[in-house]
Amino acid sequence: MFNKAERIREYLRSEMLPSIFCSGCGNGNVLNYTLRAIDELRIDIDKVVFISGIGCSSRLPGYIDADGLHTTHGRAIAFATGVKTANPDLTVIIFTGDGDCAGIGGNHLIHAARRNVDLTVIEMNNYNYGMTGGQLSPTTPVEGRTTTSPFGNLEEPFDLAALVVGAGAPFVARWPVGYPYETVDTIKRGIEKKGFSFIEILTPCPTGYSPESGLKGNRQIWDWYKRNTLLASKYRQLSDEERADEDRMLIGVLQDVEKREFTDEWAKLVAQFAASRE
Amino acid sequence: MDKQGYDAIRKLLGESPAFVQGDVACAYGAVLAGCRYFAGYPITPATETAESMASLMPGCGGTYIQMEDEIASIAAVIGASWAGEKAMTTTSGPGFSLMQENIGYACMTETPCVIVNVQRSGPSTGQPTEPAQGDMMQARWGSHGDYELIALVPNSVQECLDLVIEAFNLSERFRVPVIVLTDGEVGHMREKTVIPEFDELKLVERETPTVPRESYVPFGGGEAAVPPMGFFGLGYRTYVTGLTHTEKGLPATSSAEEHTKLVSRLCEKIRQASESLVRIEERYLDEAEFAVVSYGITSRVALNAVRTLRRRKKKIGYLRLIGLWPFPEERLLGLSKQVKGILVPEMNLGQVYHPIREAVAGKCRVAHLPKIGGEIHTPAEIVEAVQKLMGGRRR
């Protein structure tokens, strides 16, 4: 019998390994968490499609022995909308990054959250464009130093989880990469959720971060996650005054509500037409 | 599509002959061809196709979705095609420009899909309600890199219906995007349109693999092969990428050899079939000394002009391009050996004029009659230009 790690390895497209990921990158962890979630849910892998855009995180579908669609930069969610609405029997999981889905693909992200097609977006936020060598992204913190903000970022970043909640997504969560059990559980909930699920995972980019960012080195990055995040469950216990002083990022499941889902509603419309013919 | 499915669709479409707009006929052609997925974004003068598809899709058991822009529309169409559906989008110039990157992606990933471009006057926002033929070259060269695709140009409402069916057939056969280039005039005018009967419909369905997963080669099969499409959910675990990929579909971005093999095959599968893709209409070419070569709405005026000249005993012939890309070079070369000169009227400042000149390679004179601004040529303008060409001297 396989142990779990060996069983997860069975999902990999072995001829694609080793991966392109740098030492200390979080993308491999996210792949592991996702495959564990699928394995625990006992979903038929032949009915899962992994879809991505462009960037390091978007290389993940290539490492999975399953149907995969590695699309154009920023457009993964739009392609995925086509796959899912054409065949709702498929489970559709999107791997994307902060630059891919919030920069060039921001319009598709908010509209997918509003439209509420049953998709699961796993967004790896490393606060920069890693594949091109560490440029400013829409999530780079204020004053963050990147190769294209050498004097510090003057822009305000997106809080993507808050953005997607605001756009209407029924399931939204965020975890730093160092919470494996919580993340696997959350991905399972996201896949099972009938509707648009958005799971942000904070992943380090040890290569892209400059020494000036103060985040060069995994120890520094993981400490930064610790200092700058707060469990949503703890936040909910705070008084109003305490909340007002709180500026850390909330982590955990941030939104979980029921909403009308597009493919369900469309199927009802088609059924009405079919019934009226008889 | 079986007879029962056809009958259900005929019920939705209503009486034949119909009296509908070109845009609506495109939608009719699509549902008759088996299109069961439409993603689009409203744009003049193409909106009526989207409106028709929104009305027709639920009754056909298909899907209509209005996307947030044209980039998303073509993306959803490509996704739907990989989910196993025949899929279409329609747009006009500005939206067609936005679609170019993903059209290249469809070529690179060998995704069957149909794009109707109801051309309007540009550049930029231009004259939204006015017809033009300004995207003939963009249809062929709009995306980056080397690729081939197929483009068809209807000149009537009936042909909108017929050529959209043909576009789906060619798209499924060759696994390429097929572009139907209508214009604001053909798209918005109403004409008598005959809906084909069940036994007149010849539909092509994409080939799917029959081999076991382990031996399936998703992107190979030889120098001009069209590989069977192991689309999503069939169990073939196909990895589709716009990166340069091996026959197995896996990235090979640093290999000159793999890139050359892949891109050559993508081009050769169309180029080697180009003779079978010739779609031209020829009239009055016997003993013709000069010819008018035209396409789209302009060809209807050109035919009128040619008839006028024939009545005046002038030996003028008429050739209409229905299939624009791949370009029917051999036919134009053949024509150039017969006639002394060719007139090319078109609603742009010089597009199809250029491949015609390239094809005839100096064997006859080629004169251009451009017209922009949203107005169609008058027969008199074409008659006058032909007379000028006939009176001109070869250098």
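Residues numbered from 1 in each chain as written. Chains lettered and ligands numbered in written order. Predicted model: local features only at pLDDT ≥ 70, side-chain atom pairs only at ≥ 80, totals over all residues.

Caption draft 1: Focus on the overall build of chain B. Per the secondary structure count, chain B includes 13 helices and 16 strands. Against the globule reference of 21 Å for 395 residues, chain B gives a C-alpha radius of gyration of 21 Å, in line with a compact fold. Based on the C-alpha atoms only, the size of chain B along its principal axes is roughly 65 × 50 × 40 Å. Burial statistics for chain B: of 395 residues in total, 56% are counted as buried. Look at the contacts in chain B between residues 6 or more apart in sequence, and 77% of them connect residues 24 or more apart. (Helix = DSSP H or I, 4+ residues; strand = E, 2+ residues; numbered from the N terminus. Rg over C-alpha atoms; globule rule 2.2 N^0.38 Å. Buried ≥ 20, exposed ≤ 12 C-beta atoms within 10 Å, placed from the backbone. Contact = placed C-beta atoms within 7 Å.)

Caption draft 2: Just the environment of Ala46(B), in detail. All names here are of chain B. One can find Ala46 in the loop between strand E2 (35-40) and helix H3 (47-60). Residue classification places Ala46 among the buried residues on the basis of 29 C-beta atoms within 10 Å. As a C-alpha pair, Ala46 and Asp146 span 100 residues in sequence and 28 Å in three-dimensional space. Ignoring any residue separated from it by four or fewer positions in sequence, one finds Ala46 in contact with Asp23, Thr90, Thr91, Ser92, Val116, Val118 and Gly187.

Caption draft 3: Broad picture of the packing of helix H11 (residues 329-338) of chain B against helix H12 (residues 353-360) of chain B. Residue and element names in this part refer to chain B. Here H11 crosses H12 at 65 degrees, and the two axes come no closer than 8 Å. The pairing of H11 with H12 is recorded here as roughly perpendicular in orientation. H12 is crossed by H11, and the crossing has right-handed handedness. Counting all contacts with H11, which are made through Glu329, Leu332, Leu333 and Ser336, the residues of H12 involved are Ile356, Ala359 and Val360. (Axes fitted to C-alpha atoms, helices over the stretch in contact; angles between N-to-C directions. Parallel < 35°, antiparallel > 145°, perpendicular 65-115°, else oblique. Left-handed = near helix turned anticlockwise from the far one by under 90°.)

Caption draft 4: Inspection of the interface of chain B and chain A at higher detail. Contact with chain B, which involves 38 residues of that partner, is made by 35 residues of chain A. In terms of residue count, helix H4 (residues 70-82) of chain B provides more of the side of chain B that touches chain A than any other element does, nine residues in total. Across the side of chain B that touches chain A, the residue classes tally to 22 nonpolar, eleven polar and five charged. (Nonpolar A, V, L, I, M, F, W, Y, C, P; charged D, E, K, R; others polar.)

Caption draft 5: Representation of the sheet that holds strand E12 (residues 290-294) of chain B within the structure. Residues and elements named next belong to chain B. Reading across the sheet, the five strands line up as E11-E13-E12-E15-E16 and stay open at both edges, with mixed pairing between neighbours. Each having just a single partner strand, strand E11 (280-283) and strand E16 (365-370) make up the two edges of the open sheet. Across the sheet, the axes of successive neighbouring strands diverge by a mean angle of 20 degrees, strand direction being ignored. As defined by bridge partners, E12 adjoins strand E15 (residues 341-346) across three bridges and the pair is classed as parallel. Residue pairing in the sheet places Ala291 in a bridge with Ile342 of E15. (Pairing = 2+ DSSP bridges.)

Caption draft 6: The domain arrangement of chain B, seen in detail. All names here are of chain B. Per the domain assignment, the segments of chain B are domain 1 (3-200) and domain 2 (282-391). Placing the centre of domain 1 and that of domain 2 at their C-alpha centroids yields a distance of 27 Å. The interface is formed by 22 residues belonging to domain 1 together with 22 residues belonging to domain 2. Taken together, the elements giving at least two residues each to the side of domain 1 that touches domain 2 come down to strand E6 (127-131), helix H6 (136-141), strand E7 (150-152), strand E8 (177-183) and helix H8 (184-188). Among the elements that make up the side of domain 1 that touches domain 2, the one with the highest residue count is H6 (four residues). (Domains from an automatic or database assignment.)

Caption draft 7: Spatial organisation of the confidence of the model for chain B. All names here are of chain B. Averaged over every residue, the pLDDT of chain B is 97; residues scoring 70 or more account for 99%. Within chain B, helix H1 (residues 3-13) has the poorest average pLDDT of any element, 95, and H4 the best, 99. For this predicted complex, the interface score ipTM comes out at 0.97, alongside a pTM of 0.98. (pLDDT = per-residue confidence, 0-100.)

Caption draft 8: A look at the packing of helix H10 (residues 296-311) of chain B against helix H13 (residues 379-391) of chain B. Residue and element names in this part refer to chain B. Two elements in contact, H10 and H13, have axes separated by 8 Å at closest approach and are oriented at 55 degrees. Between H10 and H13, the angle falls in the class oblique. Considering only the axes of H10 and H13, their crossing is right-handed. Seen from H10, the contacting residues are Val301, Ala302, Asn304, Ala305, Thr308 and Leu309; seen from H13, they are Pro379, Ile382, Val383 and Val386. Considering only residue class, the contact of H10 with H13 consists of eight nonpolar, two polar and no charged.

Caption draft 9: Fine view of the pairing of strand E4 (residues 86-91) of chain B. Residue and element names in this part refer to chain B. For E4, the buried fraction is high: six of the six residues fall into the buried class. Alternating residues of E4 divide into Lys86, Met88 and Thr90 and Ala87, Thr89 and Thr91, and every residue in both groups is buried. Where E2 meets E4, three bridges bridge the pair, whose relative direction is parallel. Along E4, the bridge assignment pairs Cys35 with Lys86. Both E4 and strand E5 (residues 113-121) contribute to a ladder of four bridges, which runs parallel. Each bridged residue has a counterpart across the sheet, and for Thr90 the counterpart in E5 is Val116. Note on the crossover from E4 through helix H5 (residues 93-109) to E5: the handedness is right-handed. (Right-handed = clockwise from strand over helix to strand, strands pointing away.)

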